[in-house]
Amino acid sequence: MAAAVVASSRIQKTFSRTQAEGRAAFVAYLCAGDPDLETSLAACRTVIENGVDVLELGVPFSDPLADGVTNQLAAQRALRAGIGRKQVFELVRRIRAEFSELPIVLYTYYNLVFANGIDDYVREARAAGVDGLLTLDLPPEEAGELSAACEEQGLQTVFIVAPTTPAERVTRIVECTTGFIYYVSREGVTGTRDSLVAGLGEAVAKIKARTTLPVVVGFGISKREHVQVVGTVADGVVVGSLLVGTIADNIGSTERVCAALAEQMRELSPGLVRS
Ligand SMILES: O=P(O)(O)OC[C@@H](O)[C@@H](O)c1c[nH]c2ccccc12
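Residues numbered from 1 in each chain as written. Predicted model: local features only at pLDDT ≥ 70, side-chain atom pairs only at ≥ 80, totals over all residues. Heavy atoms only, no water.

1. Considerations on the pairing of strand E6 (residues 180-184)
Here's step 1: Of all five residues that make up E6, five are buried, and the element is covered over most of its length.
Here's step 2: Both faces of E6 are covered, namely the face carrying Phe180, Tyr182 and Val184 and the face carrying Ile181 and Tyr183.
Here's step 3: Bridge count for strand E5 (residues 156-161) against E6 is four bridges, and the pairing is parallel. Residue pairing in the sheet places isoleucine 160 in a bridge with tyrosine 182 of E6.
Here's step 4: Remark: the E5/helix H8 (residues 167-176)/E6 crossover connection has right-handed handedness.
Here's step 5: Where E6 and strand E7 (residues 215-218) come together, four bridges link them in parallel fashion. (Buried < 20%, exposed > 50% of the residue type's maximum accessible area, 1.4 Å probe, protein only. Helix = DSSP H or I, 4+ residues; strand = E, 2+ residues; numbered from the N terminus. Pairing = 2+ DSSP bridges. Right-handed = clockwise from strand over helix to strand, strands pointing away.)

Okay, structure coming up:
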């Protein structure tokens, strides 16, 4: 299949599969190259082999304004390890070589895309094996050039809907999205929380009433019961800081990082299997 078709089919195919299995997809976020390239590859491999259906890879950035402390520290570790555009795409290539069907979505701040030239960045991402791109600080209304480059290269777009997004803007965001919608379940930044916000089901239902695209939910999801609850209303459940924090807690030993991540996935992912 042409590159464009393959890219789009990985994301759609995965959500179709999990829907057919009667469950939400498990979406994991890890910062690319945290704490170094080899450990990051081993960490990605571990969470994929233990139940992750979609991998979100964060591109390390010096000013990650949407991220809480855990993700900020991960970005700092990766930057200290010399992780730049070249290393991020090398990591994607190596993951792609081992997992041909796994959707990989790059989470980046727009500065990193714009600075390198939008067309070149999108082309290189697609060639490395990226399926989708979420530019965290780029509103869809200003993403025309990027969306055009993604369409040309067969990369799918992911855009964010927040609790504060007005209904008419949700429609605009959906129109600009070709991969899936990311619903940020709470205001503020990323980071584990003790409890889920109230009214999540209604909020996701309002978005799903306006699109047939998959809607994934993230921010604060860090316990099996969170995963179970969110998994009943969303097409995908995103866990980031909990996993990123596990890497931070086991820095220095790739073996310990992987064992702890595997344990965490064993604890969380059964939450998605609907009896
Ligand atoms: O870390 P949490 O609270 O589990 O949330 C996922 C989040 O880390 C991941 O999806 C993400 C990382 N950086 C972001 C910036 C904006 C939106 C989402 C993200």
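On we go.
2. Some words on the layout of surface pockets
Any empty space left between atoms is shown by rolling a water-sized probe over those atoms.
Here's step 1: In this structure, the largest pocket spans a volume of roughly 730 Å³.
Here's step 2: Around the largest pocket, the lining comprises 47 residues; the ones closest to its centre are Ala66, Leu136, Ile160, Val184 and Phe219.
Here's step 3: When contributions to the lining of the largest pocket are tallied by element, the ones reaching two or more residues are strand E1 (25-31), strand E2 (54-58), helix H3 (69-80), strand E4 (132-135), E5, E6, strand E8 (236-239) and helix H11 (241-249).
Here's step 4: Within the lining of the largest pocket, the residues separate by chemical class into 28 nonpolar, 13 polar and six charged.
Here's step 5: If you go around the second largest pocket, the residues you meet are Val161, Ala162, Pro163, Thr165, Pro166, Ala167, Val170, Tyr183, Ala203, Lys206, Ile207 and Arg210.
Here's step 6: Where the lining of the second largest pocket is concerned, the elements lending two or more residues are H8 and helix H9 (200-208).
Here's step 7: Classifying every residue of the lining of the second largest pocket gives nine nonpolar, one polar and two charged. (1 Å grid on protein atoms, 1.4 Å probe; cavity = no way out; pocket = protein on both sides within 12 Å on 5 of 7 lines; lining within 4 Å. Points joined across faces, edges and corners; volume = space filled by probe spheres on them. Nonpolar A, V, L, I, M, F, W, Y, C, P; charged D, E, K, R; others polar.)

3. Some words on a negative patch on the surface
Here's step 1: A cluster of acidic side chains, namely Asp119, Glu145, Glu151 and Glu152, defines a negative patch on the protein surface.
Here's step 2: At three residues, helix H7 (residues 144-153) tops the list of elements feeding residues into the negative patch.
Here's step 3: By relative accessible area, glutamate 152 is classed as exposed at 62%. (Patch = residues over 30% accessible without salt bridge, like charges linked within 9 Å, V, L, I, M, F, W, Y side chains within 5 Å. Areas by Shrake-Rupley, 256 points an atom, 1.4 Å probe, with all protein chains shown as cover. Salt bridge = Lys/Arg side-chain N within 4 Å of Asp/Glu carboxyl O. Lys, Arg positive; Asp, Glu negative; His and termini not counted. Charge placed at Lys NZ, Arg CZ, Asp CG, Glu CD.)

4. Quick look at the side chain of arginine 126
Here's step 1: Here arginine 126 shows up in helix H6 (residues 118-128).
Here's step 2: Here the side chain of arginine 126 touches valine 130 through a polar contact of 2.8 Å, landing on its backbone oxygen. (Polar contact = N/O pair within 3.5 Å; in protein donor to acceptor, adjacent residues only side chain to side chain.)

5. Considerations on the environment of leucine 37
Here's step 1: Checked against the element boundaries, leucine 37 lands in helix H2 (residues 37-49).
Here's step 2: In sequence terms leucine 37 and glutamine 76 are 39 residues apart; their C-alpha atoms lie 13 Å from each other.
Here's step 3: Not counting residues within four places of it along the chain, the set of residues in contact with leucine 37 comprises Ile83, Gln87, Glu90, Leu91 and Arg94. (Contact = heavy atoms within 4.5 Å.)

6. So, the sheet that holds E8
Here's step 1: Read around the barrel, eight strands follow the order E1-E2-E3-E4-E5-E6-E7-E8 and close on themselves; strand pairing throughout is parallel. Direction aside, the axes of adjacent strands within the sheet are offset by 25 degrees on average.
Here's step 2: Sheet strands in contact with H11 are E1 and E8, and its direction is about 45 degrees off that of E1. (Axes fitted to C-alpha atoms, helices over the stretch in contact; angles between N-to-C directions.)

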